[in-house]
Amino acid sequence: AKAEGRGNYQFYDAVLGTQIRDRRSLEHDLRLAVSRGEFTVLYQPQMDVMSGELVGFEALLRWNHPERGSVPPDHFIPVAEETGAILAIGDWVLRETCREAAGWERPLRVAVNVSAVQLHGPDFAQTLHEILLQTGLRPGRLELEITETALVRDPARALATLRRLKALGVRVAMDDFGTGYSSLSNLRAFPFDKIKIDRSFIRAVDVNTETAAILRAVLGLGRGLGLPVLAEGVETPAELSFLGAEACQEAQGYLLGRPAPIEDFAEAIRLGRVA
Ligand code: C2E
Ligand code: CA
Ligand code: CA
Ligand code: CA
């Protein structure tokens, strides 16, 4: 048994060694990725449920690593947050999406995810102000998606930053609503313009009565607070028709369009409808 245990330790050492090397090379590559032009932004359409009109897009970051291929954001963003690389990456995403959106045929909204580290960075509001001026995007067309985990580490500072952002004229959405610790009190404490319900509350809402009850409650909350609600992760026609019946304002998900290069949506932008 002892020998076996020893073998296991060697095994774990080897795995750990590989993981650490892997992690170090990931950190190293991440630091260079912006200047090497390895990031791209995909866009996912957002629809007005009632009218079926295209109202905007969420920008979703992709890293095309020369050897690893396409690295999903869930894999590299936490690492980028720990090393601080997210600051340069986040600036790049904002500049790229604002520049892109400023050139659209129709003044649709563009939603960009903002990490906690970025929000609490040295002068996020100032940087954003400069990006808006440089790209010429009307501030009202930009919506920043912020999760409540980004608020809790330093609520006073987060509130001050959100107020500065709002003063610039940009909109702020609470992302992944319902997955945090105190979504309700945070909704009241911070000046959000929209609620994005996490897709775990949309999944099979048409057949699952508990999920339906939660979703109805969130929609009631939105009405009470005067905040529009966007349902993310809509995959089936049944989910979409449930949202319509419950007067959910907006929807996003594979049913309406997968994240894709903006060129794929040229026709949709021109028509103002999800094709
Ligand atoms: P998120 O903000 O909650 O974004 C929604 C995620 O759900 C995206 O994953 C999207 O591709 C996926 N999704 C959309 N519709 C559906 C659907 O119908 N079904 C399913 N199963 N999934 C759907 P993605 O692109 O892999 O991004 C994952 C997360 O990475 C995002 O979650 C966001 O937290 C983060 N992220 C993405 N881009 C950025 C960025 O530019 N900056 C920062 N800080 N975070 C980003
Ligand atoms: Ca988001
Ligand atoms: Ca989300
Ligand atoms: Ca999420």
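Remember, predicted model here, so these are calculated numbers, not experimental data.

### Some points on the overall build of the protein chain
Helix and strand counts for the protein chain stand at eleven helices and nine strands. Seen along its three principal axes, the alpha-carbon backbone of the protein chain occupies a region of about 65 × 50 × 40 Å. In the protein chain, which comprises 275 residues, the share counted as buried stands at 47%. Pairs at least 24 residues apart make up 68% of the contacts formed inside the protein chain by residues separated by at least 6 positions. Put simply, the protein chain shows about 13800 Å² of open surface, and 53% of that area lies on carbon and sulfur atoms. Between the mean site of the 31 positive side-chain charges and the mean site of the 37 negative ones, the protein chain shows a separation of 3 Å.

### Some remarks on the coordination of the calcium ion (ligand 2)
The protein atoms donating to the calcium ion (ligand 2) are Glu58 (OE), Asn113 (OD1), Glu145 (OE) and Asp175 (OD), with metal-donor distances spanning 2.1 to 2.4 Å. For the calcium ion (ligand 2), the single-chain donor residues occur in sequence as E-x54-N-x31-E-x29-D. Separating the calcium ion (ligand 2) from the calcium ion (ligand 3) is a gap of 3.8 Å, which Asp175 spans by donating to each of them. One end of the pair, Glu58, is in strand β2 (residues 54–65); the other, Asp175, is in strand β6 (residues 171–177), with 117 residues separating them in the sequence.

### Notes on the site of ligand 1
Around ligand 1 there are 21 residues in total, and Gln44, Arg62, Arg199, Glu235 and Tyr254 lie nearest to it. Here an oxygen atom of ligand 1 and a side-chain polar atom of Asp175 are 3.1 Å apart. Separating an oxygen atom of ligand 1 from a side-chain N or O atom of Arg199 is a distance of 2.8 Å. Coverage of ligand 1 by the protein chains reaches 84% of its 800 Å² of free accessible surface. Contributions of two or more residues to the shell around ligand 1 are made by β2, α2 (73–83) and β6.

### Re the environment of His129
Summarising the element assignment, His129 is placed in helix α5 (residues 124–135). Separated by 41 residues in the primary sequence, His129 and Val170 place their C-alpha atoms 9.8 Å from one another.

### Structural notes on the coordination of the calcium ion (ligand 3)
In a perfect tetrahedron of four donors around a metal, the angles come out at 109.5 degrees. In a perfect octahedron of six, they are 90 or 180 degrees. Those donors, Asp175 (OD), Asp176 (OD), Glu232 (OE) and Glu232 (OE), are the protein atoms that reach the calcium ion (ligand 3), and they lie 2.2 to 2.5 Å from it. Counting the intervening residues between successive donors of the calcium ion (ligand 3) yields the motif D-D-x55-E. Here Asp176 falls in the partly exposed class, since its relative accessible area comes to 24%.

### As for the side chain of Glu38
Summarising the element assignment, Glu38 is placed in the loop between α1 (2–33) and β1 (39–48). Nearest to the buried, unbridged Glu38 among oppositely charged side chains is Arg36, at 4.2 Å. For Glu38, the side chain forms a polar contact with the side chain of Trp63, separated by 2.9 Å. The contact partners of Glu38, leaving out residues within four places of it in the chain, are Ala33, Arg62, Trp63, Asn64 and Pro66.

Procedures and definitions
Residues numbered from 1 in each chain as written. Chains lettered and ligands numbered in written order. Predicted model: local features only at pLDDT ≥ 70, side-chain atom pairs only at ≥ 80, totals over all residues. Heavy atoms only, no water. Helix = DSSP H or I, 4+ residues; strand = E, 2+ residues; numbered from the N terminus. Buried < 20%, exposed > 50% of the residue type's maximum accessible area, 1.4 Å probe, protein only. Contact = heavy atoms within 4.5 Å. Areas by Shrake-Rupley, 256 points an atom, 1.4 Å probe, with all protein chains shown as cover. Lys, Arg positive; Asp, Glu negative; His and termini not counted. Charge placed at Lys NZ, Arg CZ, Asp CG, Glu CD. Donors = N, O, S within 2.8 Å, 3.2 Å for Na, K, Ca; no water. Near = heavy atom within 4 Å. Polar contact = N/O pair within 3.5 Å; in protein donor to acceptor, adjacent residues only side chain to side chain. Salt bridge = Lys/Arg side-chain N within 4 Å of Asp/Glu carboxyl O.

So far we have only geometry, and geometry alone does not tell us how the molecule works.
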